[in-house]
Amino acid sequence: MQNNDLIGRLVVSIAGRDTREPYIVIDNVGIDYLLLANGCTKTIEKPKKKKLKHLNLTNVVSEEIKKAIFQRNKNTDIMIRKFLKLEGIVKEG
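Note that this is a predicted model, so its numbers are computed, not measured.

A.B. asks: Please explain helix α3 (residues 76-86) as it appears in this structure.
C.D. replies: One turn of an α-helix holds 3.6 residues; hence residues three or four places apart share an orientation. Of all the residues in α3, the buried ones are Thr76, Asp77, Met79, Ile80, Phe83 and Leu84. Relative to the axis of α3, the buried residues are bounded by an arc of 160° and lie together on one face. Of the exposed residues in α3, the ones pointing more than 90 degrees away from its buried face are Lys82 and Leu86. Among the structural elements, β1 (9-13), β2 (22-29), β3 (33-37), β5 (55-61) and α2 (63-70) are those in contact with the buried residues of α3.

Structure follows, in structure tokens:
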């Protein structure tokens, strides 16, 4: 997998205090780490850094969010929140 293939991909944490929390990959940091955002607690400006081995990669990729990340769109966090709600992964609220 190339570095840009992971950006915009839905991942789920499988280790740590955030177990079963969904995130969107926003960047790669080296070989083992990814920067993640969920649009609420972890935003594009303050992403979560997590090891790749502590994540479950899904096959779900949002091309719209991926494009917004590359263009540095200021509404990316809102798009991520809506995407996670529409996928039925997070509760309303």
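What follows continues from the structure just given.
A.B. asks: I would appreciate a short explanation of the pairing of β1 in the present structure.
C.D. replies: Across a regular strand the side chains alternate sides, sitting on one face of the sheet and then on the other. In terms of burial, β1 is a largely internal element, four of the five residues being buried. Here β1 pairs with β5 via four bridges, running antiparallel. The partner of Val12 across the bridge, within β5, is Asn56. Relative to β2, β1 is paired through three bridges, and the arrangement is antiparallel. Bridging across to β2, Val11 finds its partner in Tyr23.

A.B. asks: Where do I start with the pattern of salt bridges in this structure?
C.D. replies: Opposite charge on two side chains allows them to pair when their charged atoms are near. Across all of its chains, the model carries two salt bridges by this definition. Lys48 is the salt-bridge partner of Asp18, the closest N and O atoms lying 3.9 Å from each other. You can see Asp18 sitting in the loop between β1 and β2 and its partner Lys48 sitting in strand β4 (residues 48-51), a full 30 residues away along the chain. Residue Asp18 is classed as buried on the basis of its relative accessible area of 9%.

A.B. asks: Where do I start with unusual backbone geometry in this structure?
C.D. replies: Across the chain, the bulk of peptide bonds are trans and the bulk of non-glycine residues have phi less than zero. Notably, Arg20 is not glycine yet its phi reads approximately 70°, a positive angle. Counting through the fold element by element, Arg20 comes out in the loop between β1 and β2. Positive phi, normally seen in glycine, also occurs at Arg72, with a value near 55°. Within the secondary structure layout, Arg72 lies in the loop between α2 and α3.

A.B. asks: Help me understand the nonpolar core in this model?
C.D. replies: For soluble globular proteins, nonpolar side chains are generally found buried alongside one another. Of all hydrophobic cores here, the largest spans 13 residues; its most connected members are Ile24, Ile26, Ile65, Ile69, Ile80, Phe83 and Leu84. Of all the secondary-structure elements, those providing two or more residues to this core are β2, β3, α2 and α3. The greatest single-element share of this core, amounting to four residues, is contributed by α3.

Reading the values: the criteria
- Residues numbered from 1 in each chain as written.
- Predicted model: local features only at pLDDT ≥ 70, side-chain atom pairs only at ≥ 80, totals over all residues.
- Heavy atoms only, no water.
- Buried < 20%, exposed > 50% of the residue type's maximum accessible area, 1.4 Å probe, protein only.
- Helix = DSSP H or I, 4+ residues; strand = E, 2+ residues; numbered from the N terminus.
- Arc of directions from axis to C-beta.
- Contact = heavy atoms within 4.5 Å.
- Pairing = 2+ DSSP bridges.
- Salt bridge = Lys/Arg side-chain N within 4 Å of Asp/Glu carboxyl O.
- Core = buried A, V, L, I, M, F, W, Y, C linked by side-chain atoms within 4.5 Å.

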